[in-house]
Amino acid sequence: MSTPTNALTAVQIAAGVRSGQLKAVDVLEQHLARIDTREGEIHAFNLVLADQARAAAAAIDAAVAAGNDPGPLAGVPVALKDNMCTHGVPTTCSSKILDGWKPPYDATVVSRLNAAGAVTVGKTNLDEFAMGSSTENSAFGPTRNPHDITRVPGGSSGGSAAAVAAGFASVSLGSDTGGSIRQPAALCGVVGVKPTYGYVSRYGLVAFASSLDQIGPFTNTVQDSALLLDVIGGHDPMDSTSIPAAQPSLMAALDQGVEGLRVGRITDLPEGADPDVVERLEAAFDALRAAGATIVDVQVPAFSYGLTAYYLIAPAEASSNLARYDGVRYGLRVNAADTNAMYGVTRAAGFGEEVKRRIMLGTYALSAGYYDAYYGKALKVRRMIADDFDRAYQQADVLLTPTSPTVAFPFGAKGDNPFAMYLCDVYTIPTNLAGHPGMSVPFGTGAGGLPVGVQILAGTLGEPQMFRAGAALERAMGAAK
Ligand code: GLN
């Protein structure tokens, strides 16, 4: 084979495997070889599933040889964030508290990937229970950025972003509660998409903040993300928050271009993005204008309250969701004199520092005397944010912002200051509170030659417009190369 399959897109791999021109086993071996070479320094994975993947790839090739079609992701190597349940395969959330736990079922996204012919190569590292923006909060050690191993890959889905950036997997899945797909995608120079809340089933995704969590793809191209979402999206009766209607194909939307598309610039966006990031954002506006879009000014006044509201709502939901890890039903148990003491010592030993901080914040926000003042108030702010966005989307089809205020930062740079870490998500969080979709598309480089991502936001089920804008930015970058 002349072209290494790491250099092919998922769309190309699937087409090659389905037509018999590529063997799924060869595609897989090339990705496993990359893992052998670089995983030691990157640490994208909690678990590499080489044997299971080899068997799956061989089965795909056998299906093709027998004249069957293995599906739209035939032979595509995929990596899964380790907070998605895989039947009989450890699912750790990068926490000691789930030590030894093997889910008795597959998440819906996992079943859909398997049914489409994808080959799972491993489970990727994350900030413990997806709480963080650097993957430094993993109980198993940090993941390193493939572009510069002295820097973080972003988080919490840092392992999934790094796996695609390093060529360990063609595509991967992450989860995004406040930015955990888009921010690491930006820092690792790949495409990352958080769909509309309810677009992708959360069945089998270990819950962090249930009203905000969404699963989405990391890919090298916008088209590959469209393909992934066409496969994993759509109604699932196992998730009561799943949108009941069928979704239009995003692959089909890509060809439509951006002629006449209204692209909004938020004039009251919170400040704080570095100059190199702002410069790339301006270049993105220019590129979309040149491609035929109209740039319009909009205001989203409540945008700047997003971070504050999020750090009440997300910890509140987390404190409730994480109550189930009590040493009785899952994973770790540290024995003690009686049951109550056992709960305490198990949770003390099993949870890391950031997770404990969130549990305490959330418990406080929900406590009897403070519920209305904190949690109740945050819910009202959440409504204001959604309303402000809705008004902006009467004037614009999509909005453009930075994804992350900075390029990838060095390890330890924000370690002793939780608030500095929380600020990484100042541009991504409001979207989750509104339930809207967002994506990050690589758009050149900034300080130190490190990748910069531009964020495209859209209203509820605005994925087709968002993908059209993303594809246009990608084309502009291709032309600029
Ligand atoms: N960094 C944010 C947090 O720590 C968002 C995480 C996420 O999206 N899972 O909560």
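What you see is a predicted model; the values in this text were computed from it and never measured.

1. Observations regarding unusual backbone geometry
- The peptide bond linking G155 to S156 adopts the cis configuration, its omega dihedral lying at 5 degrees.
- Not every positive phi belongs to a glycine, and F129 is a case in point at roughly 50 degrees.
- Of note in this structure, A130 is not a glycine but carries a positive phi near 70 degrees.
- Structurally, the position occupied by A130 is in the loop between β3 (119-124) and α5 (158-165).
- On the accessibility criterion, A130 (5% relative accessible area) is buried.

2. Examining the environment of G174
- Mapped onto the secondary structure, G174 falls in strand β4 (residues 171-176).
- Between the alpha carbons of G174 and G40 there is a distance of 21 Å; along the sequence they are 134 residues apart.
- With sequence-adjacent residues up to four places away left out, G174 is seen in contact with K81, M84, S157, S160, I181, Q214, I215, G216 and F218.

3. Things to note about the pattern of salt bridges
- The tally for this structure, following the rule as stated, stands at 18 salt bridges.
- With a shortest N-O distance of 3.3 Å, D387 and R383 are connected by a salt bridge. Of the two residues, D387 and R383 both sit in helix α13 (residues 372-395), four residues apart, roughly one turn of that helix.
- Of the residues examined, R383 reaches a relative accessible area of 51% and is grouped as exposed.
- The network of salt bridges with shared partners includes E353, E354, R357 and R358.

4. Considerations on helix α1 (residues 10-19)
- Residues of α1 that are buried: A10, I13, A14, G16 and V17. For α1, the buried positions fall inside an angular range of 165 degrees around the axis, keeping them on one side.
- Those residues of α1 hidden inside the fold are in contact with α2 (24-42), α3 (50-65), β2 (77-81), β4 and α7 (222-232).
- Count one or two residues on from α1 and you reach G20, which has phi positive near 85 degrees.

Parameters at a glance
- Residues numbered from 1 in each chain as written.
- Predicted model: local features only at pLDDT ≥ 70, side-chain atom pairs only at ≥ 80, totals over all residues.
- Heavy atoms only, no water.
- Helix = DSSP H or I, 4+ residues; strand = E, 2+ residues; numbered from the N terminus.
- Buried < 20%, exposed > 50% of the residue type's maximum accessible area, 1.4 Å probe, protein only.
- Contact = heavy atoms within 4.5 Å.
- Salt bridge = Lys/Arg side-chain N within 4 Å of Asp/Glu carboxyl O.
- Arc of directions from axis to C-beta.

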